[in-house]
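# Architecture at a glance
Chain by chain, the residues:
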Amino acid sequence: MQTRKLGQHGLEVSALGLGCMGMSDFYGSRDEAESVATINRALDLGVTFLDTADMYGVGANEELVGRVVRTRREWVVVATKFGNVRGADGSHRGINGHPDYVRSACDASLNRLGLDVIDLYYQHRVDPAVPIEDTVGAMSDLVAAGKVRYLGLSEAAPETIRRAHAVHPISALQTEYSLWSRDVEAEILPTVRELGIGFVPYSPLGRGFLTGQFARPEDLVDGDSRRAHPRFQGDAFAKNLELVTAIKTMAADKGCTPAQLALAWVLAQGTDVVPIPGTKRRTYLEDNLGAVDVMLDAADLARIDAVLPPGSAVGQRYPEASMATVDR
């Protein structure tokens, strides 16, 4: 497995990470045994970067990741997040970036993970009611206290990133990025590159859509949150399926799967980019990791860009209520 650096202060991870969210929440039923096997298989295959958050499964995902990581801690980089507040019943209670909450959320995450330190700690969403300087100041205190090694932000706007980075070095920005979500190319990527911040794309497979596994909206099981996403509905679904057809054709020409082509494209955007495709099954994990061996030349990239330029996807990437929490 190749490795890549995030930021300029020593954080180095595998070129592909593993997003663990779907193991505990949002994408249908859980299978804890298969999830544990998937994490262990990822580590066996050289993945060193695991991504979770305190809101995934209302803490259950951190507990799951922690149980595995504690047995192999010496070389695993664990990233988790705070700020999206949920009740014990799973209800969403807003965003909290107050310094006192930052400290209590970190302690709670450390307890669930069963770890002494969090390798990379993200603010999951920017709290518009709290100056970013106050939130990142509290995060910086956690670094000074030895509870956190590196800091990150998620879905933050360029000006927010600059202000945060002025308080304490930000090592990584996590934001959605894929062949059907390319808006970060306009301002976000230039900003983080100017500041020397690594970029961690989540949903690099378009929440699974770009793999070609869905032929119709009904293929999503009951309880799958993607049913509420505009791109997975009605006419938008049909239009977006045309993009997947194009991806399948190009993947066949390259001798790889659609998922591998989509991930290889993200990897080709720069050595400061570390995608974290999520899966809860070993089969998909192994397919995803094959992307590191798919080499795209200039002609391949030009062909992909011609077929899937920025703005190709039909529909917003989140429902309106979720889009409202994105710092823009």
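Residues numbered from 1 in each chain as written. Predicted model: local features only at pLDDT ≥ 70, side-chain atom pairs only at ≥ 80, totals over all residues. Heavy atoms only, no water.

Naming follows an unreviewed UniProt entry, where the protein appears as Aldo/keto reductase of Sphingomonas glacialis.

## Remarks on the packing of helix 4 (residues 132-144) against helix 5 (residues 158-167)
Under the convention used in this document: Every axis corresponds to a line fitted to the C-alpha atoms, with the helix fit spanning only the stretch in contact, and the corresponding angles, defined between N-to-C directions, vary from 0 to 180 degrees. Every helix listed is a DSSP run of H or I at least four residues long, and every strand listed is a run of E at least two residues long, numbered separately from the N terminus. Throughout this description, any angle smaller than 35 degrees is read as roughly parallel, any larger than 145 degrees as roughly antiparallel, any in the 65 to 115 degree range as roughly perpendicular, and the remainder as oblique. The crossing is said to be left-handed when, going from far helix to near helix, the turn is anticlockwise and less than a right angle, and right-handed when the turn is clockwise. Residues are treated as being in contact if the distance between any of their heavy atoms lies within 4.5 Å. Residue type decides the class: Asp, Glu, Lys and Arg count as charged, Ala, Val, Leu, Ile, Met, Phe, Trp, Tyr, Cys and Pro as nonpolar, and the leftover types, Gly among them, as polar.
Contact geometry for helix 4 and helix 5: axes closest at 9 Å, N-to-C directions at 40°. Between helix 4 and helix 5, the angle is such that the two are oblique. Along this stretch, helix 4 crosses helix 5, giving a crossing that reads as right-handed. Residues Ile132, Glu133, Val136 and Gly137 of helix 4 form the contact with helix 5, whose own contacting residues are Thr160, Arg163, Ala164 and Val167. Taken together, the residues of the contact of helix 4 with helix 5 sort by class into four nonpolar, two polar and two charged.

## Section: helix 8 (residues 258-267)
Filter applied, for reference: Partly exposed residues are those whose accessible area sits between 20% and 50% of the maximum for their type, while under 20% is buried and over 50% is exposed, using a 1.4 Å probe and protein chains only.
With respect to burial, helix 8 is a largely interior element, ten of its ten residues being buried. Taken residue by residue, helix 8 has Pro258, Ala259, Gln260, Leu261, Ala262, Leu263, Ala264, Trp265, Val266 and Leu267 as its buried positions. On its buried face, helix 8 sits against strand 1 (3-6), strand 11 (198-202), helix 7 (234-254), helix 9 (282-289) and helix 10 (298-307).

## Looking at the pattern of salt bridges
To keep things clear, this is the line we draw: For this analysis, a salt bridge means a side-chain nitrogen from Lys or Arg found within 4 Å of a carboxyl oxygen belonging to Asp or Glu.
Under the counting rule described, the total for this entry stands at 19 salt bridges. When the shortest N-O distance is used, the salt bridge between Asp51 and Lys81 registers 2.7 Å. Highlighted residues: Asp51 in strand 4 (residues 49-51) and Lys81 in strand 5 (residues 77-82), separated in sequence by 30 residues. Like Lys81, Asp51 is buried. For Arg163, the salt bridge identified is with Glu133, shortest N-O distance 2.8 Å. With Arg163 in helix 5 and Glu133 in helix 4, this pair connects stretches of sequence that are 30 residues apart.

## Structural notes on the layout of surface pockets
Put simply, the rule reads: Within this scheme a cavity is a closed region of a 1 Å grid, computed over the protein atoms alone, that accommodates a 1.4 Å probe without allowing it to escape, whereas a pocket is open but has protein on both sides within 12 Å along at least five of seven lines; lining residues each have an atom within 4 Å of a point. Grid points are joined across faces, edges and corners, and a volume is the space filled by probe spheres set on the points.
By volume, the second largest pocket is sized at about 360 Å³. Tallied by class, the residues present in the lining of the second largest pocket amount to eleven nonpolar, five polar and eight charged.

## Section: the sheet that holds strand 8 (residues 118-123)
The strands making up a sheet are joined through hydrogen bonds of the backbone, oriented either antiparallel or parallel. Here is the rule: In this analysis, strands are considered paired if DSSP registers two or more bridges between them.
Sheet architecture is open: seven strands sit in the order 3-4-5-8-9-10-11, paired in parallel fashion. In the strand order of this sheet, the two ends are held by strand 3 (18-19) and strand 11, each with one partner. Pairing geometry for strand 9 (residues 148-154) and strand 10 (residues 170-176), over four bridges, is parallel. The residue bridging Leu151 from the neighbouring strand is Ile170, located in strand 10.

## Side note on empty space enclosed by the protein
By the definition in use, this model includes two cavities of 30 Å³ or more. Taken as a whole, the largest cavity encloses approximately 50 Å³ of empty space. Listing elements by their share of the lining of the largest cavity, those giving two or more residues are helix 7 and helix 10. If you tally residues by element for the lining of the largest cavity, the top one is helix 10, at three residues. Its residues assigned to classes, the lining of the largest cavity comprises four nonpolar, no polar and three charged. In this structure, the second largest cavity occupies an estimated 30 Å³ of space. Along the walls of the second largest cavity sit Leu16, Gly17, Leu18, Pro277, Leu285, Asn288 and Leu289, which together make up its complete lining.

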